[in-house]
Amino acid sequence: MKLLKKLKKKRRKSGKAHSEYSVMAGLLSGHPVGVIFDVGANHGHVSKVLLDTLKPKQLFAFEPFAETAESLRTNLAPFANVEIRQMAVGNFDGEVDLNINKNTIYNNSLLDAADGADKWHDIDHVAKQTVKSTRIDSFCDAEGISEIDVLKVDAEGADFLVVEGAERMLAEKKVKMVYVEVLLTDSFVGQASLGRFIEFIEGHGYELCNFFGHKIDENGRLFRTDVLFVDSLMLT
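The structure displayed is predicted, hence computed values, not measured ones.

Colleague: Please explain the pattern of salt bridges as it appears in this structure.
Modeller: Any two side chains of opposite charge can pair, so long as their charged atoms come close to each other. The full count for this structure, using the stated rule, is 11 salt bridges. A salt bridge links Glu-181 to Arg-224, with the shortest nitrogen-to-oxygen separation between them at 3.3 Å. In this pair, Glu-181 sits in strand 8 (residues 175-183) while Arg-224 sits in strand 10 (residues 222-231), placing the two residues 43 residues apart along the sequence. An identical accessibility class is assigned to Glu-181 and Arg-224; each is buried. Here Asp-226 makes a salt bridge to Arg-224, at a shortest N to O gap of 2.9 Å. Note on accessibility: Asp-226 and Arg-224 belong to one class, buried.

Colleague: Where do I start with the sheet that holds strand 9 (residues 206-216) in this structure?
Modeller: Picture the strands of a sheet paired through backbone hydrogen bonds; they go either parallel or antiparallel. Taken in spatial order, the seven strands of this open sheet run 3-2-1-7-8-10-9, and their pairing is mixed. Two strands bound the open sheet, and with one partner strand each, they are strand 3 (82-85) and strand 9. Strand-to-strand, the axes of this sheet are offset by a mean angle of 15 degrees, without reference to chain direction. Contacts from helix 4 (residues 66-76) reach strand 2 (58-62) and strand 3 within the one sheet, and its direction differs from that of strand 3 by about 170 degrees. Along the sheet, helix 9 (residues 194-202) makes contact with strand 8, strand 9 and strand 10, crossing strand 9 at roughly 155 degrees.

Colleague: Would you mind showing me how to read helix 9 here?
Modeller: For the α-helix, the turn length of 3.6 residues means that residues three or four positions removed from each other point alike. All of the buried residues along helix 9 are Phe-197, Phe-200 and Ile-201. Along the axis of helix 9, the buried residues cluster in a sector spanning 90 degrees; they form a single face. Those residues of helix 9 hidden inside the fold are in contact with helix 7 (159-164), helix 8 (167-171), strand 8, strand 9 and strand 10.

Colleague: Mind showing me how you'd approach the packing of aromatic side chains here?
Modeller: Aromatic ring pairs are described here by two measures, namely the spacing of the ring centres and the angle between the planes. The full count for this structure, using the stated rule, is eight aromatic pairs. Where Phe-160 meets Phe-197, the ring centres are 5.4 Å apart and the plane angle is 85 degrees; that geometry is what we call edge-to-face. With Phe-160 in helix 7 and Phe-197 in helix 9, the pair connects residues that are 37 residues apart, well separated along the chain. The same class applies to Phe-160 as to Phe-197, namely buried. Through a chain of ring-to-ring contacts, the aromatic side chains of Phe-37, Phe-60, Phe-62 and Phe-139 assemble into a single cluster. Here Lys-173 stacks its cationic end above the ring of Tyr-206, 5.3 Å away from the centre of that ring.

Colleague: Would you explain the environment of Ser-187 in this entry?
Modeller: Note that Ser-187 resides in the loop between strand 8 and helix 9. Overall, the relative accessible area of 2% leaves Ser-187 in the buried class. With 76 residues separating them along the chain, Ser-187 and Leu-111 place their C-alpha atoms 9.4 Å apart.

Colleague: Is there a simple way to think about the nonpolar core in this case?
Modeller: It is characteristic of soluble globular proteins that their nonpolar side chains tend to be buried jointly. Ranked by internal contacts, the top residues of the largest apolar core, which has 38 residues, are Phe-37, Val-39, Ile-136, Ile-148, Leu-151, Phe-197 and Phe-229. If one sorts the elements of this core by residue count, strand 8 sits on top with five residues. Non-local contacts of Ile-148, meaning those with residues more than four positions away in its chain, are made with Val-35, Phe-37, Ile-136, Cys-140, Met-169, Lys-174, Val-175 and Lys-176. Residues Val-33, Ala-41, Leu-76 and Cys-209 belong to the second largest nonpolar core, which totals 25 residues.

Colleague: Any chance you could explain unusual backbone geometry here in plain terms?
Modeller: Among all residues save glycine, negative phi is the norm, and among peptide bonds the norm is trans. Here Lys-55, not a glycine, exhibits a phi torsion of approximately 50 degrees, which is positive. Residue placement: Lys-55 occurs in the loop between helix 3 (45-54) and strand 2. Residue Lys-55 is classed as exposed on the basis of its relative accessible area of 58%. We note that Glu-156 has phi near 50 degrees; this positive angle belongs to a residue other than glycine. Note that Glu-156 resides in the loop between strand 7 (148-153) and helix 7. When its relative accessible area of 16% is taken as the criterion, Glu-156 is described as buried.

Colleague: Got a minute to help me understand the pairing of strand 7 in this structure?
Modeller: Side-chain direction in a regular strand flips from residue to residue, so the side chains alternate between the two faces of the sheet. Of all six residues in strand 7, six are buried, a share of seventy percent or more. For strand 1 (residues 35-39) and strand 7, the ladder comprises four bridges, and the chain directions are parallel. Counterpart to Val-39 in the pairing with strand 7 is Val-153. In the sheet, strand 7 pairs with strand 8 via five bridges, with the strands oriented parallel. Among the inter-strand pairings, Val-150 is bridged to a residue of strand 8, identified as Met-177.

Rules and cut-offs
- Residues numbered from 1 in each chain as written.
- Predicted model: local features only at pLDDT ≥ 70, side-chain atom pairs only at ≥ 80, totals over all residues.
- Heavy atoms only, no water.
- Salt bridge = Lys/Arg side-chain N within 4 Å of Asp/Glu carboxyl O.
- Helix = DSSP H or I, 4+ residues; strand = E, 2+ residues; numbered from the N terminus.
- Buried < 20%, exposed > 50% of the residue type's maximum accessible area, 1.4 Å probe, protein only.
- Pairing = 2+ DSSP bridges.
- Axes fitted to C-alpha atoms, helices over the stretch in contact; angles between N-to-C directions.
- Contact = heavy atoms within 4.5 Å.
- Arc of directions from axis to C-beta.
- Phe/Tyr/Trp six-rings, centres within 6.5 Å; stacked < 30°, edge-to-face > 60°.
- Lys NZ or Arg CZ within 6 Å of the ring centre and 35° of its normal.
- Core = buried A, V, L, I, M, F, W, Y, C linked by side-chain atoms within 4.5 Å.

Take a look at the structure:
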């Protein structure tokens, strides 16, 4: 809450809202940024923004769909501090089926589409692709990663599975902030509610910092938002 009051005060003075990236940069200012995870990196747009804004020592970009992962490699090739991993991230180590959307740019998901989702969210799964899957906890063990400065998650409905797979890192406060997409209308079978995200992440000692990237339908209903959670110790 202290941070929210501080941001509101700054916003009144500046006359403009803070972006999620400027908030992250402000919280991490004065400390060299080590590792960033971009889970669901797609073609790399957000990865580029994170690299430019936060200037991390290393960024891991995860993208399970083969065609998109190839584009991601091309787009991030100029960055020597980036590692591309063609794999899904969730709460399971092994192989999983990835649902491929007709429009492959987005909505490829580990979860099945909910009834009627095609009408509201352009979800039309037409194929499946078996992909490698890892948990954040096991990946960090294998790679010798002791801390993550920013865990960004955009997993097309399966975002909570990613967070679940990072439970040990969260419990040990080895992640400084989690930036995750939350869907508020039925898009995928088994997607988690906002309340479930808050209960789980705040239950490990994090605080909901702010909401960004709101998407509103033609009826004025909020159906998607991005939520930034921050280690409570960073706000004291």
